[in-house]
Amino acid sequence: MELPIADPGTERGEGILLQCPYCDSEAMHKLAQLLLPGLAAVCVDSTTGDLFRKPSHVAVELRKEMVDYITQRSDTFIADALIESEANQETENEMPEDPFEIVSIFMDDFSRTKRNIIGHVSGWLLSDSREDKIDEFVQEMDMTRFWPLDRREAIAEVLLKNVDIKTKFHCPEKYENEERLADHKEQCTFRPVACPNVGCRAKVSVRCMKDHDAACPLKVLQCEQSCEKCLLRRDMDRHCVTVCPMRPMKCPFGCDSSFPERDLEKHSSEFLQAHLLKVLKVIHEKGHSEEDLKELAEKLEKYNLARDKPITPMFRDTATMTLGCIF
Ligand SMILES: [Zn+2]
Ligand SMILES: [Zn+2]
Ligand SMILES: [Zn+2]
Ligand SMILES: [Zn+2]
């Protein structure tokens, strides 16, 4: 068949065009994650109050029914949305555009048709025990690999392409032949690429890589508190509150200063006089004996003498504790 050289736009025969297969892999993954709790809810609701059937007894059958139902709904989604919007021309079109919301609606609609008597009681639908049962069954299916992620992703991909009207999450490009499609695929911003961070196995659409990188737990970053360490994003919080020498601390001698922990020594020697006065004042107010006072003065002196040595956490803790007893 001869194809016109100039692009006739929407006039061209859609039937023979080849569609770019790429979609936003993170969105697909997110959608695939929704399917498992969706199925668990249906299985729990349809067997609650039934002495002879457990969610696991109905899971195979309901999975097939649910997948058929939501795939079919997604197939006709655009046509349905058009009819809907023509019927309600005076009210603004309320159809959601978010694929996750749309698929959730499909799953809810399916679930409604499968509820038994107890499943229709609103108290049950909002109860914590229903949530617990659903969570439990999700875990059970996860452990037994009842519905592996890659299978769910294959379904999610079809759903996503069907309901993503605004083509935010999949590539809408179509081409007349394989060569042109192949050329496009090399440039397509939806094409999946591997995350460059060592150890991260995520494959992400080129256009989403910046967002992924900004959240990737395996990205190496400079310490947020600006010590000289570089560490993985996922280890940052723990580092900053446990071992980072720049973590803020309050003066253990009770003056109101706070400073990075590594400056404790410097602070202690700079403010020796002030600390001593402060401590003496407290002792005086609390009526400590001369003995206590002498002992404390010795401790302070010792502490100050140690300032030429590198400070160890044990030494710091001892000093803090000693003074903590007096305050
Ligand atoms: Zn494409
Ligand atoms: Zn990554
Ligand atoms: Zn640090
Ligand atoms: Zn101080």
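The text that follows walks through the structure, step by step, so that each part is easy to find. Model, not experiment: these values are computed from the prediction.

1. Quick word on the nonpolar core
When a protein is soluble and globular, its nonpolar side chains tend to lie buried together. L39, A40 and L160 are the most contacted members of the largest nonpolar core, which has 34 residues in total. Mapped onto this core, the elements with two or more residues apiece are α1 (25-47), α2 (55-75), α4 (99-114), α6 (128-143) and α7 (149-163). Leave out the neighbours within four places in its chain, and L39 touches A59, L62, R63, M66 and W147.

2. Details of α7
Between its first and last C-alpha, α7 extends 20 Å over 15 residues, near the 21 Å set by a 1.5 Å rise per residue. Turning to α7, its buried residues number three or more, namely R152, I155, A156, L159, L160, N162 and V163. The buried residues of α7 occupy one face: seen down the axis, they fall within an arc of 160°. Opposite the buried face of α7, at more than 90 degrees from it, the exposed residues are D150 and A154. Check the buried side of α7 and you find it contacts α1, α2, α3 (77-87) and α4.

3. Overview of the packing of α1 against α4
Running from N to C, α1 and α4 cross one another at 15°; their axes reach a closest spacing of 10 Å. When the interaxial angle is binned, α1 and α4 end up roughly parallel. Of the two possible hands of crossing, α1 and α4 adopt the one that is right-handed. Contact with α1, carried on its side by A27, K30, L31, L34, G38, A41, V42, D45 and S46, involves P99, F100, V103, S104, M107, F110, S111 and K114 of α4 and no other residues of that element. Here the residues of the contact of α1 with α4 sort into ten nonpolar, four polar and three charged.

Rules used in this analysis
- Residues numbered from 1 in each chain as written.
- Chains lettered and ligands numbered in written order.
- Predicted model: local features only at pLDDT ≥ 70, side-chain atom pairs only at ≥ 80, totals over all residues.
- Core = buried A, V, L, I, M, F, W, Y, C linked by C-beta atoms within 7 Å.
- Buried ≥ 20, exposed ≤ 12 C-beta atoms within 10 Å, placed from the backbone.
- Helix = DSSP H or I, 4+ residues; strand = E, 2+ residues; numbered from the N terminus.
- Contact = placed C-beta atoms within 7 Å.
- Expected span 1.5 Å × (residues − 1).
- Arc of directions from axis to C-beta.
- Axes fitted to C-alpha atoms, helices over the stretch in contact; angles between N-to-C directions.
- Parallel < 35°, antiparallel > 145°, perpendicular 65-115°, else oblique.
- Left-handed = near helix turned anticlockwise from the far one by under 90°.
- Nonpolar A, V, L, I, M, F, W, Y, C, P; charged D, E, K, R; others polar.

Read these as layout, nothing more, since geometry by itself doesn't imply function.
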